[in-house]
Amino acid sequence: MSEGPIEIDGGHVPALNFHQRFRQEISTLRESIDTLAIPDLTASERQASNDQVLAGLAKLSAELADASGNLPSYDQRSYNQALKELYDKLAITRASQTPKPKFSFKNKRLAAPVSETNSVSTSRSVTPTHLRDTVYGPIQDSPMPALPSPASHSEYSRNPGRNVLEQRVSADTSMIQDRDHFAVVGRSNTYVGIATITAPGIIDAAGGAQGCIVSDTADSIVDLTPHSNINPPPFLTITSVQSSLLLAPSIKGPAHITALHRSILVLSSHQFRMHDSHEVDVYLFCSSRPIIENCSNIRFASMPSRFIDTTDLRNRTNMFDQVDDFKWLRAEPSPNWSLMDDEEQISDGVWSDVLQIVHRLHDDTPEAGKVLVKEAVGGVLSKLGKSSRATS
Amino acid sequence: MNEDVSTVSPTLGFIIKTIDFQGYKLNIWDVGGQKTIRSYWRNYFEKTDALIWVVDATDRLRIGECKTELIELLLEERLSGASLLVFLNKTDVPGCMGDDEVQRELELDSISTHKWIIVRCSAITGDNLTEGLAWVVQDARDKLFLY
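Conventions used here
- The numbers attached to residues start from 1 for each chain and follow its sequence in the written order.
- The naming scheme follows written order: chains are lettered A onward, ligands numbered 1 onward.
- The predicted origin of the model limits local features to residues at a pLDDT of at least 70 and limits the giving and counting of side-chain atom pairs to 80 or more, whereas totals for whole chains, interfaces and linings rest on all residues.
- Hydrogens and waters are ignored; side-chain quantities use all the structure's heavy atoms.
- The helix count covers DSSP runs of H or I at least four residues long, the strand count covers runs of E at least two residues long, and both are numbered beginning at the N terminus.
- Here the term buried applies to any residue with accessible area under 20% of the maximum for its type, exposed to any over 50%, and partly exposed to those in between, with areas from a 1.4 Å probe on protein chains only.
- Contact between two residues is taken to exist if any of their heavy atoms lie within 4.5 Å; hydrogens are not considered.
- Accessible areas in this description were obtained via Shrake-Rupley with a 1.4 Å probe; residue shielding takes into account the shown protein chains only.
- Only buried residues count toward a nonpolar core, which is a set of Ala, Val, Leu, Ile, Met, Phe, Trp, Tyr and Cys residues joined through side-chain atoms within 4.5 Å.
- Values of pLDDT, the confidence the predictor places in each residue, fall between 0 and 100.
- Strands pair, by our definition, only if DSSP identifies at least two bridges between them.
- Only the contacting stretch of a helix is used when fitting its axis, a line to C-alpha atoms as for every element, and angles between N-to-C directions run 0 to 180 degrees.
- Between the first and last residue of a helix there are one fewer steps than residues, each counted as 1.5 Å, and that sum is the expected span.
- For this quantity, the arc is that covered by the directions from the helix axis to the C-beta atoms.
- Think of a salt bridge as a Lys or Arg side-chain nitrogen and an Asp or Glu carboxyl oxygen that are within 4 Å of each other.
- Two N or O atoms form a polar contact when they lie within 3.5 Å of each other; inside protein one atom must be a possible hydrogen donor and the other a possible acceptor, and for residues adjacent in sequence the pair counts only when both atoms belong to side chains.
- In this analysis, rings of Phe, Tyr and Trp, with Trp reduced to its six-membered ring, are considered paired at centre separations within 6.5 Å, and the interplanar angle assigns stacked below 30 degrees, edge-to-face beyond 60, and tilted for intermediate values.

A. Structural view of the overall build of chain B. A tally of helices and strands in chain B yields three helices and five strands. Secondary structure elements of chain B occur, N-terminal to C-terminal, as β-β-β-α-β-α-β-α. Out of the 147 residues in chain B, the part that is buried amounts to 46%. The long-range fraction of contacts in chain B, counting pairs at least 24 apart against all pairs at least 6 apart in sequence, stands at 65%. Of the roughly 7,300 Å² of accessible surface on chain B, a fraction of 53% belongs to carbon and sulfur atoms.

B. Representation of the overall build of chain A. Within chain A, the secondary structure is distributed over 11 helices and 13 strands. Put simply, 55% of the contacts in chain A that link residues at least 6 apart link residues at least 24 apart. When the accessible surface of chain A is totalled, it reaches about 18,600 Å², and 53% of it is carbon and sulfur.

C. Summary view of the nonpolar core. Residues and elements named next belong to chain A. Leu236, Leu265, Leu267, Phe272, Met274 and Phe300 are the most contacted members of the largest nonpolar core, which totals 30 residues. Of all the elements in the fold, those that place two or more residues in this core are strand E3 (212-218), strand E5 (236-242), strand E6 (245-248), strand E7 (254-269), strand E8 (271-275), strand E9 (278-286) and strand E11 (296-302). If one sorts the elements of this core by residue count, E7 sits on top with five residues. Here Leu267 is in contact with Leu236, Ala248, Ile251, Ala255, Ile257, Phe272, Tyr283, Leu284, Phe285 and Met303, once residues within four sequence places are set aside.

D. Layout of the environment of B:Val102. Assignment of secondary structure puts B:Val102 in helix H2 (residues 99-105). Separated by 46 residues in sequence, B:Val102 and B:Asp56 have C-alpha atoms that sit 9.9 Å apart.

E. Region of the structure containing the confidence of the model for chain B. In the predicted model, chain B carries a mean pLDDT of 89, and 95% of its residues have values of at least 70. Here the complex is predicted with pTM 0.64, and the ipTM for its interfaces comes to 0.83.

F. Inspection of the sheet that holds strand E5 (residues 116-120) of chain B at higher detail. Residues and elements named next belong to chain B. Taken in spatial order, the three strands make up an open sheet running E3-E4-E5, and their pairing is parallel. Two strands in the sheet have a free side with no partner beyond their single neighbour: strand E3 (50-56) and E5. Ignoring which end each strand starts from, the neighbouring axes of this sheet average 20 degrees apart. Where strand E4 (residues 83-89) meets E5, five bridges bridge the pair, whose relative direction is parallel. When the bridges of E5 are listed, Phe87 appears paired with Val119. Helix H3 (residues 129-145) rests against E3, E4 and E5 of the sheet, and its axis sits at about 180 degrees to E4.

G. Geometry of helix H10 (residues 348-364) of chain A. Residues and elements named next belong to chain A. In this model, H10 (17 residues) spans 24 Å end to end at C-alpha, consistent with the 24 Å of a helix rising 1.5 Å per residue. Every buried residue of H10 is listed here: Val350, Trp351, Val354, Leu355, Val358, Leu361 and His362. The buried residues of H10 occupy an angular sector of 120 degrees when projected down its axis, which confines them to one face.

H. Molecular detail of the pattern of salt bridges. Residues and elements named next belong to chain A. In total, this model carries 22 salt bridges over all chains according to the counting rule given. One salt bridge connects Asp324 with Arg289, and the closest N-O pair in it is separated by 3.0 Å. Pair noted here: Asp324 is in strand E12 (residues 324-325) and Arg289 is in the loop between E9 and strand E10 (291-293), with a separation of 35 residues, a long-range link. For Asp324, a relative accessible area of 9% corresponds to the buried category.

I. Representation of the pairing of E8(A) in the model. Residues and elements named next belong to chain A. Buried residues dominate E8, accounting for five of its five residues. The side-chain alternation of E8 yields two buried faces, one formed by Gln271, Arg273 and His275 and the other by Phe272 and Met274. Examined bridge by bridge, E7 and E8 share five bridges and lie parallel to one another. Across the sheet, His256 pairs through a bridge with Arg273, a residue of E8. Bridge count for E8 against E10 is three bridges, and the pairing is parallel. Within E10, the position partnered with His275 by the bridge is Glu293.

J. The confidence of the model for chain A, seen in detail. Residue and element names in this part refer to chain A. Overall, the predicted model of chain A reaches an average pLDDT of 72, with 67% of residues at or above 70. Here residues 1-11 scores under 50 on pLDDT; set against residues more than four positions off or in separate chains, the count is 11 contacts. Segment residues 100-180: pLDDT under 50, and 115 contacts once partners within four positions in sequence are set aside and those in other chains are kept.

K. Highlighting the side chain of B:Asn89. Residues and elements named next belong to chain B. Mapped onto the elements, Asn89 comes out in strand E4. Polar side-chain contacts of Asn89 include one of 2.9 Å to the backbone nitrogen of Ala123. Setting aside chain neighbours within four positions, we find Asn89 in contact with Val54, Val55, Asp56, Ala57, Cys121, Ser122 and Ala123.

L. Quick look at the side chain of A:Glu293. Relative to the helices and strands, A:Glu293 resides in strand E10. In terms of polar contacts, A:Glu293 uses its side chain to reach the side chain of A:His275, at 3.5 Å. Once residues lying within four places of it in the same chain are set aside, the contact partners of A:Glu293 are A:Met274, A:His275, A:Asp276, A:Asp325, A:Phe326, B:Gln34, B:Lys35 and B:Thr36.

M. Layout of the packing of aromatic side chains. All names here are of chain A. One pass over the full model with this rule turns up 10 aromatic pairs over all chains. Ring centres of Phe18 and Phe22 lie 5.6 Å apart, and the angle between their planes is 35 degrees; this geometry places the pair in the tilted category. Separated by four residues within a single helix, Phe18 and Phe22 lie in helix H1 (residues 13-36), roughly one turn from each other. The pair formed by Phe18 and Phe22 is uniform in burial state, with each residue classed as buried. When the centroid spacing of 5.6 Å and the interplanar angle of 75 degrees are considered together, the rings of Phe272 and Phe300 count as edge-to-face. Highlighted residues: Phe272 in strand E8 and Phe300 in strand E11, separated in sequence by 28 residues. Neither residue differs from the other here; Phe272 and Phe300 are each classed as buried. Three or more aromatic residues joined by ring pairs form one cluster here, namely Phe18, Phe22 and Tyr79.

Spelled out as structure tokens, the structure:
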């Protein structure tokens, strides 16, 4: 091993020892990395030596950090450089030894789901066709009103001119549709009840084993209230929805809400996380502190007791009024959310009227004529709009 | 971990906690994930033995963002010696993402600079929390006795 010239640091013995030891260990590690390149190693042997080299590098980095007070800055720099080179060397050696992956993860979303199942053994079966096609089959034939926004998912992907956020959301949505979710996507001026999005066979015997996503929907009522033998989804994702009424009073797990605008949300969930949303009235039952981030004009009220259908909820604390705003780090209260006064909330009488219509829509769909549904939904939303600001 | 979890809420800011575990004292810096404070993460990198990256198994929508942040973080020189424990949380919720799925989405197999492991867990039921921390401790111990 060639030591190279050692600078004598004014007789500073600890520093000298460090120099020697550091160089020696660097050299040992370099040799270990070289042995990694030997092709006969088994995968587990290779992994073990790789981990050992990593641990050695880690230890050396820590020692260098410890000694930094005693080292001249030139040495610090060159030693850091030496460490970095070893990390790079390790990465390159590993990359050259690792068998080529059968497919690239990076372009996964562009690849057809079928090829994905063939090349990777996963414990979960991937639905070969887009879930979208099967899930909203029952009302698939309803002509989609040609609204400029929000557009259907496929229109997003055809239109590269849209802004980045929307494209990102649509890409992520398509990912979700490949999985075992049930989904409400690209609806407007309509009523979607839990029965219509729960195609037979989608919910397993244990009941409600899939999360639900509601996305790219406007001027609609989405009703996830459990009915008879249909269980509510265990968790809920809402993204890109506007001017709508969303009823989800029985979500056991978390609710993730992104880009919800000018809407009314009735929700009970274990956790509440809302991003990039504006002008939403939330009637909430949440047993942990609700979180908003990058939102404005969000108003909260306790979920009316008429929506509470389990004794389980009655025994829990509702923390709907203890909201944390992740975008607001100052001590003063966040200006982005507030609590609704009694007179700002939808009154009991209005809820009764609205829910009567909602129940009728649930029972009638899909037999009811499309025009009637549209009118009824419009009626409900404008009624609510008068009591609050949805659809205004 | 014998704590009442029914009202635990996401970390707002930073929490520092010491846990006695298998005869070791673990100094845990619980750093919030909110966007506004991500730039402050780096104040916590010095002398870190392990990075525990907690992923929400029910948040498919942000798994891409999660990957980007993680990859960015692993480039940090001061974290170069840290091992990575990916805790896949909320796996008690039916229909959540599996560990194979998240391993793929986060492209963990392409990580060559850090020793890593992914562990399904649930902060609600306490499942696998001990197993995850045991890995961290064993890993730190290995580093200690290597030379």
